[in-house]
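What follows is the residue order along each chain.
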Protein chains: 2
Amino acid sequence: MVDITVEFNSKVPVYIQIYEQIKDLAYSGKLKPGDRVPSSRTLAGLLEINYHTVNQAYQALWKDGLLKMERGKRYVIAKGKTENEVYSEIEEEGRDMINRALRVGLTEDEIMNLMKRMLKGRNGGAGNHA
Amino acid sequence: MVDITVEFNSKVPVYIQIYEQIKDLAYSGKLKPGDRVPSSRTLAGLLEINYHTVNQAYQALWKDGLLKMERGKRYVIAKGKTENEVYSEIEEEGRDMINRALRVGLTEDEIMNLMKRMLKGRNGGAGNHA
DNA sequence: TACGTGTTCTATATCATATAGAACACTATT
DNA sequence: AATAGTGTTCTATATGATATAGAACACGTA
């Protein structure tokens, strides 16, 4: 159905994990405008969490304009965001890292090399999957 | 004395902000092994926070081996970490960003360009300063 | 001695997170 | 028409992290 994973050990709240992954699914085009997301009770069952938690993620996405709905119907992907919006979000996430690296004394070249190195070897994690 | 700033609006807990900044001061060499950090009551007064909060940061740093102390004396910088250790910490911070960028569909080249762009225009923030 | 340390203790308050169950109005399906 | 599945709202509880607060203690230093 959808490709969502939650990591209970993570410091990131479960509802934020769902929130971000659905956002990414929409950004990447794996979920297109008009696609229905799983009902809160369904997804909650698959992930073995409470449906209120799923709803918390959905309402945050609705607040962002990424999900829309009509009474009694399911949540639906509202729109894909523009490239620029995606970039600015990624930027926001990366800025802390860059600031810290500079604060520690790394040069711009060292940071770029670090990025290259990071882009090579990557790994994944385990968790509840739906 | 030391260059520490706390941002109350931030989602990052105050004691974590202090923790990270002292770590960075040690990594960058602005604080060298043997240097004394401000007493918890002193720094708390400057930042206008509770001294227990400062102590929380210091104890976390002590747990990491970055601060050492002898009974009745002040906390002292224990050691500068190796380059590799610094890198691995920065890596850990940056990995989330990269994973997300890839999940959204950005290519490696696009990510590298984004990094270059981020390294050009940067800004700072306001907050209590000591 | 007096002061400043870090430490420990108890206490309180707030907020975020997460779960839980019930009831409701609405839609879609049968 | 009846049933099942929606999201929504309500109250409730539990836990953990965060932050503040004040007191007392042992120790080192001036």
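As shown above, the structure is provided for reference.
Now for a description of the structure that goes with this document. (Residues numbered from 1 in each chain as written. Chains lettered and ligands numbered in written order. Predicted model: local features only at pLDDT ≥ 70, side-chain atom pairs only at ≥ 80, totals over all residues. Heavy atoms only, no water.)

What follows covers the pattern of salt bridges. Tallying each qualifying case throughout the model produces 12 salt bridges over all chains. The partner of Asp 24 of chain B in a salt bridge is Arg 103 of chain A, and the shortest N-O contact between them spans 2.4 Å. Placement of the pair is Asp 24 of chain B in helix H1 (residues 14-28) and Arg 103 of chain A in helix H4 (residues 83-104), with the two residues belonging to separate chains. Looking at Arg 103 of chain A, the relative accessible area reads 35%, which means it is partly exposed. In this structure, Glu 91 of chain B and Arg 95 of chain B form a salt bridge, with 2.7 Å as the shortest nitrogen-oxygen distance. In this pair, Glu 91 of chain B and Arg 95 of chain B both sit in helix H4 (residues 83-104), 4 residues apart, roughly one turn of the helix. Looking at Glu 91 of chain B, the relative accessible area reads 14%, which means it is buried. In the salt-bridge network here, residues are joined through shared partners; they are Glu 20 and Asp 24 of chain A together with Arg 100 and Arg 103 of chain B. (Salt bridge = Lys/Arg side-chain N within 4 Å of Asp/Glu carboxyl O. Helix = DSSP H or I, 4+ residues; strand = E, 2+ residues; numbered from the N terminus. Buried < 20%, exposed > 50% of the residue type's maximum accessible area, 1.4 Å probe, protein only.)

Time to look at helix H1 (residues 14-28) of chain A. Residue and element names in this part refer to chain A. With 15 residues, H1 should reach 21 Å at 1.5 Å per residue; the first-to-last C-alpha distance of 21 Å fits that figure. Along H1, the positions that sit buried rather than exposed are Val 14, Gln 17, Ile 18, Tyr 19, Gln 21, Ile 22, Lys 23, Asp 24, Leu 25, Ala 26 and Tyr 27. Gly 29, located one to two residues past H1, shows a positive phi value of around 90 degrees. (Expected span 1.5 Å × (residues − 1).)

Moving on, we get to the packing of aromatic side chains. Per the counting criterion, the structure on display carries 2 aromatic pairs over all chains. Judged by centre distance (5.5 Å) and plane angle (75 degrees), the rings of Tyr 58 of chain A and Tyr 75 of chain A are edge-to-face. Separated by 17 residues along the polypeptide, Tyr 58 of chain A in helix H3 (residues 51-63) and Tyr 75 of chain A in the loop between strand S2 (67-68) and strand S3 (76-77) bring together distant segments of the chain. For Arg 41 of chain B, the ring lying beneath its charged end belongs to Tyr 51 of chain B, and the centroid distance is 4.6 Å. (Phe/Tyr/Trp six-rings, centres within 6.5 Å; stacked < 30°, edge-to-face > 60°. Lys NZ or Arg CZ within 6 Å of the ring centre and 35° of its normal.)

Core analysis: the largest hydrophobic core is formed by 76 residues, its most contacted members being Ile 18, Tyr 58 and Met 115 of chain A together with Ile 18, Ile 22, Tyr 58 and Met 115 of chain B. The contacts of Tyr 58 of chain B, once residues within four sequence positions are left out, are Ile 22, Val 37, Pro 38, Ser 39, Ser 40, Leu 43, Leu 67 and Tyr 75 of chain B. (Core = buried A, V, L, I, M, F, W, Y, C linked by side-chain atoms within 4.5 Å. Contact = heavy atoms within 4.5 Å.)

DNA strand D sits among 23 residues. The nearest are Tyr 75 of chain A together with Val 14, Tyr 15, His 52 and Thr 53 of chain B. The sugar and phosphate moieties of DNA strand D supply 67% of its atoms located within 4 Å of the protein. In the environment of DNA strand D, a phosphate oxygen lies 3.4 Å from a nitrogen or oxygen atom belonging to the side chain of Thr 42 of chain A. In this structure, a phosphate oxygen belonging to DNA strand D sits 2.7 Å away from a side-chain N or O atom of Tyr 15 of chain B. Listed by contribution, the elements that provide at least two residues to the surface near DNA strand D are helix H2 (40-47) and H3 of chain A together with H1 and helix H3 (51-63) of chain B. Here the surface near DNA strand D is composed, by residue class, of 7 nonpolar, 10 polar and 6 charged. (Near = heavy atom within 4 Å. Polar contact = N/O pair within 3.5 Å; in protein donor to acceptor, adjacent residues only side chain to side chain. Nonpolar A, V, L, I, M, F, W, Y, C, P; charged D, E, K, R; others polar.)

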